[in-house]
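What the coordinates show
For reference, the chains in residue letters:
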Amino acid sequence: MPEVKPAELIVACFMLLHGFGAALDCTSPTPEGLFTALEENLFTKSMIRPIKSFSDTLNVTISITVVGILGVDEKSQTLTVYLWQELSWHIGGLSWDKKRCGTDRVSVPREQLWIPDIHISEFMDEDNSPKTAYVYLYNTGLVYDDKPIRVVSSCRLGIYTFPFDIQNCTLTFAPFLHYGTDVRMIQGTSAEDILEASKKVIKTNGEWELIDIKALPINQFIEGINYSGVQYFLVLRRRAILYVVNLLIPSCFLITVDLFSFLLPPHSVDRSSFKMTLILGYTVFLLIMNDLLPVTGETTPLINVFFSISLALMVASLLETVFITNIQFSSSQYSAVPQWLSILVLRYLAFVVCIPPKKKSNRITVSLKQPPPETVTDLSSSIANISQGQFHSVSSEILSVKAAPEPQEQVVDELKSLNRDLTAIRLQVDKHFKESSSSQEWYMIGIVVDRLLFAIYIIFILVSFITIISIWIVSNTTLI
């Protein structure tokens, strides 16, 4: 067995304790001297973690800066952002004297050092980030790595309050392979400082606005193995002015026009044609603006519900107009109004919509104008169809008539003829007033229903406007 000298044993123990960590001995304070020392003592060990012992944990400090928000895709549920990622860690035992080597910092090729395999867990696409070739190495053994990253990450988007929605997307930075006992992630810059720095350097001014950033160190257990990481929460708010101008305001204008169409008198204006034109225009408007609406199968946006209800109300108002028109021009063909319908509509609903009931009058108005030819024809046919049995139902009152020089039989015949004519007229007048009363009730039912739908329209528009304005105000004043 060869003899071991005490001096060699002391040097070997010192090297084991310090992990080959003696200070670099630069031959001269020049770049050549420093790189020669680094090549001899550091670059040859780039394949292993820079630690003194295998049981040691390498601490990697991470910080990010959001440079741009490139887009949010609701259909694929992805977020695209541009970041600056800053990593720093220490190489165990590495140091050099600033005076002897000429500098306290030097940039070295990335391939010459061991680099932690930090990745983003939510990454969903090919990494198209720009490549950086160098990292900074300090005389204390600190390695500083700063590089840009284009991130396409998964993000669970909630679009119920579109276009006033606020999204919270997560970016988890963790080693892909190394366990938590080998590499531990440490949060560097605070979330408040990251947010302030990001707002200063952010380059995009598109649809989305960065309103908050939160950070949280985590320990993930996957199949019983602990992985260390740092989670960043990016809180984004959509700028809704584009959708308000292109979607909500035109839709509200069309609804308002349809609302005021109730003021058109249906008996003198073809209101149904006007409403049909509005429905067709609203449908074409929705088809044109369909590309601005988010497409996802998980939840239905509130704005889609608003459009659907608006279209449904327009169709309901058209059907109601058809009903009113039918009542006004065809009510004479209907039977009498059912008692329950008359009570429900003319008593209760009329009170709700503030239409006072009309008092019935016992007066009979007799027109002295010449009746139309159709009425004369109907009246003549009714008189011709009266049977002899109807004469016995006439009152037995005797008209006092002065004696005439004609014979008694001729007077009686004239009185009978006059009695027959009066009876036919009385029957025809009774039938006319009965039909007129039924038509008047149907007409009043149409007016009450028209007023009721008009009130529902007003309530819907007020509630919709208040809801939309409230959501907009809250989304612009509340930070999540």
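About the cut-offs
Residues numbered from 1 in each chain as written. Predicted model: local features only at pLDDT ≥ 70, side-chain atom pairs only at ≥ 80, totals over all residues. Heavy atoms only, no water. Disulfide = S-S within 2.5 Å. Helix = DSSP H or I, 4+ residues; strand = E, 2+ residues; numbered from the N terminus. Buried < 20%, exposed > 50% of the residue type's maximum accessible area, 1.4 Å probe, protein only. Pairing = 2+ DSSP bridges. Axes fitted to C-alpha atoms, helices over the stretch in contact; angles between N-to-C directions. Contact = heavy atoms within 4.5 Å. Patch = residues over 30% accessible without salt bridge, like charges linked within 9 Å, V, L, I, M, F, W, Y side chains within 5 Å. Areas by Shrake-Rupley, 256 points an atom, 1.4 Å probe, with all protein chains shown as cover. Salt bridge = Lys/Arg side-chain N within 4 Å of Asp/Glu carboxyl O. Core = buried A, V, L, I, M, F, W, Y, C linked by side-chain atoms within 4.5 Å. Expected span 1.5 Å × (residues − 1). Bend = angle between axes of the 7 residues up to and from the residue.

This paragraph deals with the state of the cysteines. In this structure the tally under the stated criterion is 2 disulfides. With a sulfur-sulfur separation of 1.8 Å, C26 is cross-linked through a disulfide to C101. Taking the torsion about the S-S bond as the criterion, the C26 to C101 disulfide, at about 90°, is right-handed. Taken as a pair, C26 in the loop between helix 1 (6–18) and helix 2 (31–41) and C101 in helix 3 (residues 98–101) lie far apart in primary sequence, 75 residues in all. The exposure class of C101 is buried, given its relative accessible area of 2%. Across a sulfur-sulfur distance of 1.9 Å, C155 and C169 are joined as a disulfide pair.

Of all 14 residues in strand 10 (residues 225–238), 12 are buried; the element is thus mostly enclosed. Sheet topology note: the strand 7 (residues 166–175)/strand 10 ladder contains 8 bridges and is antiparallel. For F173, the partnering residue across the bridge sits in strand 10 and is V230. The pairing of strand 9 (residues 208–222) with strand 10 spans 14 bridges and is antiparallel. For Q220, the partnering residue across the bridge sits in strand 10 and is Y227. The hairpin formed by strand 9 and strand 10 contains 2 residues between the paired strands, and E223 there has a positive phi angle of roughly 55°.

Right, let's talk about the sheet that holds strand 9 for a bit. Spatial ordering of the open sheet is given by 4-7-10-9, a layout of 4 strands whose pairing is antiparallel. Looking at strand neighbours, the two that pair on one side only are strand 4 (118–120) and strand 9, the edges of this open sheet. On average, each strand axis in the sheet is tilted by 20° relative to the strand beside it, whichever way the strands run. Packing of helix 4 (residues 191–201) onto the sheet brings it into contact with strand 9 and strand 10, and relative to strand 9 it is tilted by some 140°.

So, on to the pairing of strand 5 (residues 134–138). In strand 5, alternate side chains face the same way, and those of V135 and L137 are buried while those of Y134, Y136 and Y138 on the opposite face are not. With 5 bridges joining them, strand 3 (residues 105–109) and strand 5 adopt antiparallel strand pairing. Considered in strand 5, the bridge of P109 is made with Y134. Pairing of strand 5 with strand 6 (residues 142–154), which is carried by 2 bridges, proceeds in the antiparallel orientation. Each bridged residue has a counterpart across the sheet, and for Y136 the counterpart in strand 6 is Y144. Between the end of strand 5 and the start of strand 6, which pair antiparallel, lie 3 residues, with G141 showing a positive phi angle near 95°.

For Y134, the position within the fold is in strand 5. Excluding its chain neighbours within four sequence positions, the residues that come into contact with Y134 are S107, V108, P109 and R110.

Moving on, we get to a nonpolar patch on the surface. A cluster of nonpolar side chains, namely I241, L242, V245, I249 and F253, defines an oily patch on the protein surface of about 470 Å² accessible area. Looking at the element boundaries, L242 is found in helix 5 (residues 241–260).

This brings us to the pattern of salt bridges. Under the criterion given, the structure shown has 10 salt bridges. Two residues, D165 and R238, come together in a salt bridge whose shortest N-O distance is 2.8 Å. With D165 in the loop between strand 6 and strand 7 and R238 in strand 10, this pair connects stretches of sequence that are 73 residues apart. With its nearest N and O atoms 2.9 Å apart, the salt bridge here joins D450 to R271. Here D450 is found in helix 10 (residues 408–477), whereas its partner R271 is found in helix 6 (residues 271–288), with 179 residues between them in sequence. With relative accessibility at 13%, the residue D450 sits in the buried group. Judged by relative accessible area, which is 3%, R271 ranks as buried. One connected set of salt bridges, linked through shared partners, spans E74, D165, E207 and R238.

With that out of the way, let us pick up the sheet that holds strand 5. Pairing within the open sheet is mixed, and its 6 strands lie in the order 3-5-6-2-1-8. The strands lining the two open edges of the sheet, one partner per strand, are strand 3 and strand 8 (183–187). Direction aside, neighbouring strands of the sheet carry axes that sit 35° apart on average. For strand 1 (residues 58–73) and strand 2 (residues 78–90), the ladder comprises 11 bridges, and the chain directions are antiparallel. Bridged to V66 within strand 2 is L83. On the sheet, helix 2 packs against strand 3 and strand 5 and is oriented at approximately 55° with respect to strand 3.

The next point concerns the nonpolar core. Within the largest apolar cluster, 51 residues are counted, with the highest numbers of intra-cluster contacts made by L38, L79, L137 and F173. Considering every element that reaches this core, the biggest residue donor is strand 1, with 7 residues. Discounting chain neighbours no more than four positions away, the residues touching L137 are L38, L42, I91, L94, W96, D104, R105, V106, V108, L142 and V143. Of all hydrophobic cores here, the second largest spans 27 residues; its members include F164, Y282, L313 and L453.

In this section: helix 5. The terminal C-alpha atoms of helix 5 lie 27 Å apart, and with 20 residues this matches the ideal 28 Å at 1.5 Å per residue to within 8%. Along its length, helix 5 shows its largest kink, about 30°, at L248, and proline P250 lies within four residues downstream of that point. Residues Y243, V244, L247, L248, S251, C252, I255, D258 and L259 constitute the buried set of helix 5.

In this structure, K275 sits in helix 6. Residue classification places K275 among the buried positions, given a relative accessible area of 0%. Ignoring any residue separated from it by four or fewer positions in sequence, one finds K275 in contact with D258, S261, F262, S317, L318 and T321.

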